[in-house]
Amino acid sequence: MLRIPRAIALGLLVAGCRTQDGLAGVVAGDAARGFELVRERGCTSCHALAGLAPEPAPRLEHVGARLTPAALEAALATGPRMPDCLAGLGKGERAMARSELTHFLASLGGPLAPEPASIDALTIERGRQLYHAVGCVACHAPFEAASTLERPLWDFTEAYEPAVAETHAPAAAPRDPRELRGIGARTTPGALARYLRDPLAFHPAGRMPSLALGAGEAADLAAYLCYEDALDEGAVLAPGPGLLLDYYEADFAGETADFDALAPVRSEVAASFFDGIARREEDFGFRFRGLLEIAAAGQYRFFTNSDDGSMLYVDGKLVVDNRGQHGMDEQEGELHLGPGRHAFELSYFEHFGGEGLEVSWAGPGFEKRALGFEGLSHLEARIVPAAGEPFVLDPELVERGRERYEALGCANCHTRCGEGSNPFVTLDPVRGCLARKPRGVAPRYRFAPGEREDLLAAVRAGTPPARTAAERLQAELARLDCGACHARDALSGPPDERRSYFQVAGGLDLGDEGRLPPSLERVGAKLKPGWFHAVLEQGGRARPYMKTRMPQFGAANVAELPELFAAVDARLRDEREPEFASEAVEAGKQLAGTKGLGCIQCHELAGHPSIGIPAVDLAKVHERIYPGWFRELLLDPVALKMNTRMPAFWVDGKSPVKDLYDADPVRQIDALWSYLALGSSMPLPYGLVPLEGEYEVEVYDTPVCVGVFMAGVSPRTIAVGLPERVHYAFDVQNSRLALAWRGRFLDVRGTWYARAGQLEKPAGEDVLEFPRGPLVAMLEHPDDPWPTEYSEQAGYRTLGRALDDARRPVFRYQVGHVVVSETVVPEVRPGRAVLHRRLHFQSPDLQSVRVDLLVAAGSRVQHEPVSGGSWVIAGEREVRVRIEPKGWRERVHVVVGVDGREELRLRGPVGVRTTVGNPILEEEPNQLEVEYSW
């Protein structure tokens, strides 16, 4: 081994340390962690480093409309990620720079001035429940114990008693972004609500994700947070008689009024529901909010008689649904109420014509009577901002602040968010922002112990080290703080003191598995990438009964996660699909029902509720998870999900269902998977409870035909429900296939109850609309415009319908000399059922007739068939059309219709013809089958 003299070695070490770090000592650091900091702190916004984009900083384009000037000035100081860019200035210049930047930032949409606000107790209560339920407390501190959330605010006497006002000294350390104290001085309820609706629009890094709040939810949550902050200043809920009334003016032409999306014209306290309230003649609305005093427990009935629509809620439950455009019409509802005060809300809107609103009730000890205001009251909290001089923009300071904003490089992070021009490897650890004591105008970062050393190690390394998929995954999970909700490896999930805030809607007891966010262990072997992306980027939910929502961090921040999980868990994944067969589907149907394994006792099925506790919808299982994970789960549920409520069906390797596949668990599980692979097209199993409502038509083992009044179709329409869970509507008046859909069949309340007062719509999903106009026509030229009605065709008439051997309808009609028999037949395939349109042509006069057919239309039609003889039609959804027999495919042509849509047409002879000089009759192709897959 070569030995270097001690003096020479020491000299080399000191020289090396000084050139790299400016320090006479060995600097230890982790380059990998350093590069994570480089991204997090946005270093590459100023210092170029190929392949490492900076984490986006908050957008400041309209920051003056979001934060008060005081909050903007405070944000200029150093923070967890924000450096102090003014530390190198002298004391006087530093104060001036702070003032200039504050005025400039406040001018961007502002300045925002806190204003006195009154917030009603119902709004605060809704925000209170949202904050502690949807997931906010996974990252932010709760304001109260979970046990107290079972009672509304108005049940607590202390809510009416002013608290001792607290004063908080300015924090020496930077404000923790998760700390909500002082939020009332930083923003206003309205500005906070806009931020909560779409946080990623203001802070695209995703550290504050979206919780998919509606406009009303965001307003409720913002009001609650400002109320909680105001409690420290002595805010209190003050009672008063009457109901709070918001008055609106808008175009109320719909079935209901979305008041959450509107700003009230005025707000006041009402002493009646209609009389004496100032309003214009048409298009106005009322929303009343307050409390209803109940003296005795019992069943109470409520009535609204209104022109036009009205909706009455008690304790957040819709009790009277009197929606729609109509004359004075009374509807009613009832519920059980205990003694005490209950949340009361009533909305009403008037579009045109007559107007009026009457509210009545009946209860224990009294018959129906008008609901008087003597038992109605309201609670409000008055929020008063701290006294101080109003902020006035100084144009000169605004302009100097704009110049300073560019000079200090603020735009590199907050406006351009691009890649800097100075190479990262040239960073000077002696004089730059990484120095222990930066000089001049270099930004001052507040580094945690070890972070500076990690960054210096990254500078010395020059380029980020190659990382495995597991390392990248772990870094992303840590960056997004996924461990606040989920467990995996080092991530522990919610701590014990927060677990009680994760609850199930309706107060159901589904155990920890039903209320806590799922574990991420082996998730790359469980979830298919398509569903994974839907959950992370589109708000996909498999457990809608959970109150906690999956945060949306933005596609740019999470798009890599599904592929990283898939790579890390690849060895655990089993994607093998069992062989699909119709017999297996039938066996799976039996297993899912109450005469089999009883899956429907807990699981929903294609929108139908379970007959017991709610669990994930089985119609979505095939599109969400891999078949191997499904097999493992059913064979040994406990091995995959600790404390699961999923039962173990197999005892000693045998199934309790003895009459299927010799009680072999593996074959039965594969059969169940084949059945679930149909998705919403699954035929309903035995024992499923129909949906609530006496007008929901269910389809079991045989087709169902119902005459309905359907939106967009003629009054003579037959809706056909098929056991394969793919249904269609046939316009008998025009002999055309109008619609097809999957899943639930039809709720015919509008036809049977209202007698066409309400047009029906398919109850299921994946609705496919067929081209308007007839299927068959006789055109002079193949490119002629397509007729819109059969009545435009000479010799058209309907010939009625019959039933085939499977009791499916066969529709018959005539166009000219051609008689058409049309049958719509489903085919079960993995993932869904498709439709086959089988056509038989016949010429009574024994002659060959040329016909044209319009089989599909869309925004774009592929002019040449893809493999398998299918044409692809683009539109609202992609449709594949396959034509049999082969001879018909050669007659396909594409035409641009009068509406600009492309049409897939066929043109050819049908019927029979006599061969010249030969008495033998030769048949033209008189059979056609068109398959639709979507």
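Residues numbered from 1 in each chain as written. Predicted model: local features only at pLDDT ≥ 70, side-chain atom pairs only at ≥ 80, totals over all residues. Heavy atoms only, no water.

A.B. asks: Help me understand the overall build of the chain, please; the structure alone is not making it clear to me.
C.D. replies: Along its length, the chain carries 23 helices and 37 strands. Of all intrachain contacts in the chain linking residues separated by at least 6 positions in sequence, the fraction that spans at least 24 positions is 66%. Just so you have it, the chain exposes about 44,300 Å², and 53% of that area is on carbon and sulfur atoms. (Helix = DSSP H or I, 4+ residues; strand = E, 2+ residues; numbered from the N terminus. Contact = heavy atoms within 4.5 Å. Areas by Shrake-Rupley, 256 points an atom, 1.4 Å probe, with all protein chains shown as cover.)

A.B. asks: Quick question: what am I supposed to make of the pairing of strand 30 (residues 848-858) here?
C.D. replies: Look at any regular strand and the pattern is simple: side chains alternate between the two faces of the sheet. With respect to burial, strand 30 is a largely interior element, 9 of its 11 residues being buried. In terms of strand pairing, strand 25 (residues 776-777) meets strand 30 through 2 bridges, oriented antiparallel. Across the sheet, residue Ala-777 finds its bridge partner in strand 30, namely Asp-852. (Buried < 20%, exposed > 50% of the residue type's maximum accessible area, 1.4 Å probe, protein only. Pairing = 2+ DSSP bridges.)

A.B. asks: Please clarify how the sheet that holds strand 22 (residues 736-742) should be interpreted in this entry.
C.D. replies: Two orientations exist for strands paired in a sheet by backbone hydrogen bonds: parallel and antiparallel. Strand order in the open sheet formed by 5 strands is 19-20-21-22-24, with antiparallel pairing between adjacent strands. Of all the strands in the sheet, the pair left with one neighbour each is strand 19 (704-708) and strand 24 (765-769). Across this sheet, the average inter-strand angle for adjacent strands is 20°, counted without regard to direction. With 3 bridges joining them, strand 22 and strand 24 adopt antiparallel strand pairing. Following the sheet pairing, Leu-739 is matched in strand 24 by Glu-769. (Axes fitted to C-alpha atoms, helices over the stretch in contact; angles between N-to-C directions.)

A.B. asks: Explain helix 16 (residues 561-568) here, please?
C.D. replies: Think of an α-helix as 3.6 residues a turn; residues three or four steps apart then line up on the same face. Within the sequence span of helix 16, burial applies to Leu-561, Pro-562, Leu-564, Phe-565 and Ala-566. Each element contacted by the buried residues of helix 16 is listed here: helix 12 (469-479), strand 16 (487-488), helix 14 (529-538) and helix 15 (555-558).

A.B. asks: Even after reading the chapter, I still don't get the packing of helix 2 (residues 31-40) against helix 11 (residues 451-461), so can you show me in this structure?
C.D. replies: For any two helices packed against each other, the geometry is given by the interaxial angle and the distance between the axes. Packing of helix 2 against helix 11 leaves a shortest axis separation of 7 Å and a crossing angle of 100°. The angle between helix 2 and helix 11 falls in the class roughly perpendicular. When helix 2 is examined against helix 11, the residues Ala-31, Arg-33, Gly-34, Phe-35, Leu-37 and Val-38 are found in contact with a partner set consisting of Glu-451, Asp-454, Leu-455, Ala-457, Ala-458 and Ala-461. Grouping the constituent residues of the contact of helix 2 with helix 11 by class yields 8 nonpolar, 1 polar and 3 charged. (Parallel < 35°, antiparallel > 145°, perpendicular 65-115°, else oblique. Nonpolar A, V, L, I, M, F, W, Y, C, P; charged D, E, K, R; others polar.)

A.B. asks: Help me understand the sheet that holds strand 7 (residues 298-307) in this model?
C.D. replies: Reading across the sheet, the 4 strands line up as 10-7-12-13 and stay open at both edges, with antiparallel pairing between neighbours. Only two strands of the sheet have a single partner each, and these edge strands are strand 10 (329-337) and strand 13 (366-370). Across the sheet, the mean angle separating the axes of adjacent strands is 15° when strand polarity is ignored. Where strand 7 meets strand 10, 9 bridges bridge the pair, whose relative direction is antiparallel. Within strand 10, the residue paired with Phe-303 across the bridge is Glu-332.

A.B. asks: Teacher, can you tell me more about the pattern of salt bridges here?
C.D. replies: Once their charged atoms are close, side chains differing in charge can pair, the charge on each being opposite to the other. Counted under the stated rule, the structure contains 59 salt bridges. Salt-bridge contacts for Arg-576 lead to Asp-574; the nearest nitrogen and oxygen are separated by 2.7 Å. Through salt bridges with shared partners, one network takes in Arg-39, Glu-40, Arg-41, Glu-55, Arg-207, Glu-451, Glu-476 and Arg-479. (Salt bridge = Lys/Arg side-chain N within 4 Å of Asp/Glu carboxyl O.)

A.B. asks: Whenever I open this one, the side chain of Ser-681 confuses me. Can you help?
C.D. replies: One can find Ser-681 in the loop between helix 21 (665-676) and strand 18 (696-697). Within polar-contact distance, the side chain of Ser-681 engages the backbone nitrogen of Ala-833 at 3.2 Å. Ser-681 has contacts with Pro-723, Glu-724, Arg-725, Arg-742, Arg-832 and Ala-833, leaving out every residue within four places of it along the chain. (Polar contact = N/O pair within 3.5 Å; in protein donor to acceptor, adjacent residues only side chain to side chain.)

A.B. asks: What exactly am I supposed to notice about the packing of aromatic side chains here?
C.D. replies: Ring pairs (aromatic) are described by centroid distance and by the angle formed between their planes. The tally for this structure, following the rule as stated, stands at 31 aromatic pairs. Between the aromatic rings of Phe-286 and Tyr-348, the centroid separation amounts to 5.7 Å while the plane-to-plane angle is 45°, which identifies the pairing as tilted. Here Phe-286, found in strand 6 (residues 284-294), pairs with Tyr-348, found in strand 11 (residues 340-350); they are 62 residues apart in sequence, far enough to count as distant. Both residues of the pair, Phe-286 and Tyr-348, belong to the buried class. Among the aromatic side chains, those forming a connected cluster through ring pairs are Tyr-247, Phe-273, Phe-274, Phe-284, Phe-286, Phe-288, Phe-344, Tyr-348 and Phe-373. When the ring centre of Phe-274 is taken as reference, the NZ or CZ atom of Arg-279 above it lies at 4.0 Å. (Phe/Tyr/Trp six-rings, centres within 6.5 Å; stacked < 30°, edge-to-face > 60°. Lys NZ or Arg CZ within 6 Å of the ring centre and 35° of its normal.)

A.B. asks: Even after reading the chapter, I still don't get the packing of helix 19 (residues 627-635) against helix 21, so can you show me in this structure?
C.D. replies: At a minimum axis distance of 10 Å, the contact between helix 19 and helix 21 shows a crossing angle of 130°. By the criterion of interaxial angle, the relationship of helix 19 to helix 21 is oblique. Considering only the axes of helix 19 and helix 21, their crossing is right-handed. Residue-level contacts link Pro-627, Phe-630, Arg-631, Leu-634 and Leu-635 of helix 19 to Pro-665, Ile-669, Asp-670, Leu-672, Trp-673 and Leu-676 of helix 21. Residues belonging to the contact of helix 19 with helix 21 are distributed by class as follows: 9 nonpolar, no polar and 2 charged. (Left-handed = near helix turned anticlockwise from the far one by under 90°.)

A.B. asks: For this particular structure, what's the right way to read the confidence of the model for the chain?
C.D. replies: The predicted model of the chain averages 87 in pLDDT, with 90% of residues at 70 or higher. Scored below 50 in pLDDT, residues 753-757 makes 9 contacts in the model with residues more than four places away or belonging to other chains. Every residue in residues 913-923 is under pLDDT 50, and counting partners more than four places away or in other chains gives 10 contacts. (pLDDT = per-residue confidence, 0-100.)

A.B. asks: Can you help me understand the environment of Asp-659 in this one?
C.D. replies: Here Asp-659 is to be found in the loop between helix 20 (637-640) and helix 21. Using a relative accessible area of 57% as the deciding quantity, one classes Asp-659 as exposed.

A.B. asks: So what exactly am I meant to see when it comes to helix 4 (residues 91-107) here?
C.D. replies: Here helix 4 is 17 residues long and its end C-alpha atoms lie 25 Å apart, about the 24 Å a rise of 1.5 Å per residue gives. Looking at helix 4, one finds that the buried residues are Ala-97, Arg-98, Glu-100, Leu-101, Thr-102, His-103, Phe-104, Leu-105 and Ala-106. Structurally, helix 4 contributes buried residues whose contacts are with helix 3 (69-75) and helix 9 (395-407). Phi turns positive, to about 95°, at Gly-109, one or two residues after helix 4. (Expected span 1.5 Å × (residues − 1).)

A.B. asks: What exactly am I supposed to notice about the nonpolar core here?
C.D. replies: Within soluble globular proteins, side chains that are nonpolar tend to cluster in buried spots. One finds Leu-561, Phe-565, Phe-630, Leu-672, Tyr-675 and Leu-676 to be the most contacted residues of the largest nonpolar core, which totals 56 residues. Of all the elements in the fold, those that place two or more residues in this core are helix 12, helix 14, helix 16, helix 17 (582-592), helix 19 and helix 21. Element by element, the count of residues in this core is highest for helix 21, at 6 residues. Each residue touching Leu-676, except ones within four places of it in the same chain, is listed here: Leu-618, Val-621, His-622, Phe-630 and Met-682. If you look at the next biggest cluster of nonpolar residues, it comprises 44 residues, including Leu-768, Val-861, Val-879 and Trp-888. (Core = buried A, V, L, I, M, F, W, Y, C linked by side-chain atoms within 4.5 Å.)

A.B. asks: Any chance you could explain the side chain of His-836 here in plain terms?
C.D. replies: Mapped onto the elements of the fold, His-836 is located in strand 29 (residues 832-842). Here the side chain of His-836 touches Glu-827 through a polar contact of 2.6 Å, side chain to side chain. Among the polar contacts listed, one links the side chain of His-836 to the side chain of Glu-929, at a separation of 2.8 Å. Discounting chain neighbours no more than four positions away, the residues touching His-836 are Thr-823, Val-824, Val-825, Glu-827, Arg-882, Glu-929, Val-930 and Glu-931.

A.B. asks: Would you take a moment to explain the environment of Tyr-247 for this structure?
C.D. replies: Position of Tyr-247 relative to the elements: it lies in strand 4 (residues 243-249). Since its relative accessible area comes to 2%, Tyr-247 is described here as buried. Between the alpha carbons of Tyr-247 and Ser-267 there is a distance of 6.2 Å; along the sequence they are 20 residues apart. Beyond its immediate stretch of four places on either side in the chain, Tyr-247 contacts Pro-264, Val-265, Arg-266, Ala-278, Arg-279, Arg-280, Phe-284, Gly-285 and Phe-286.

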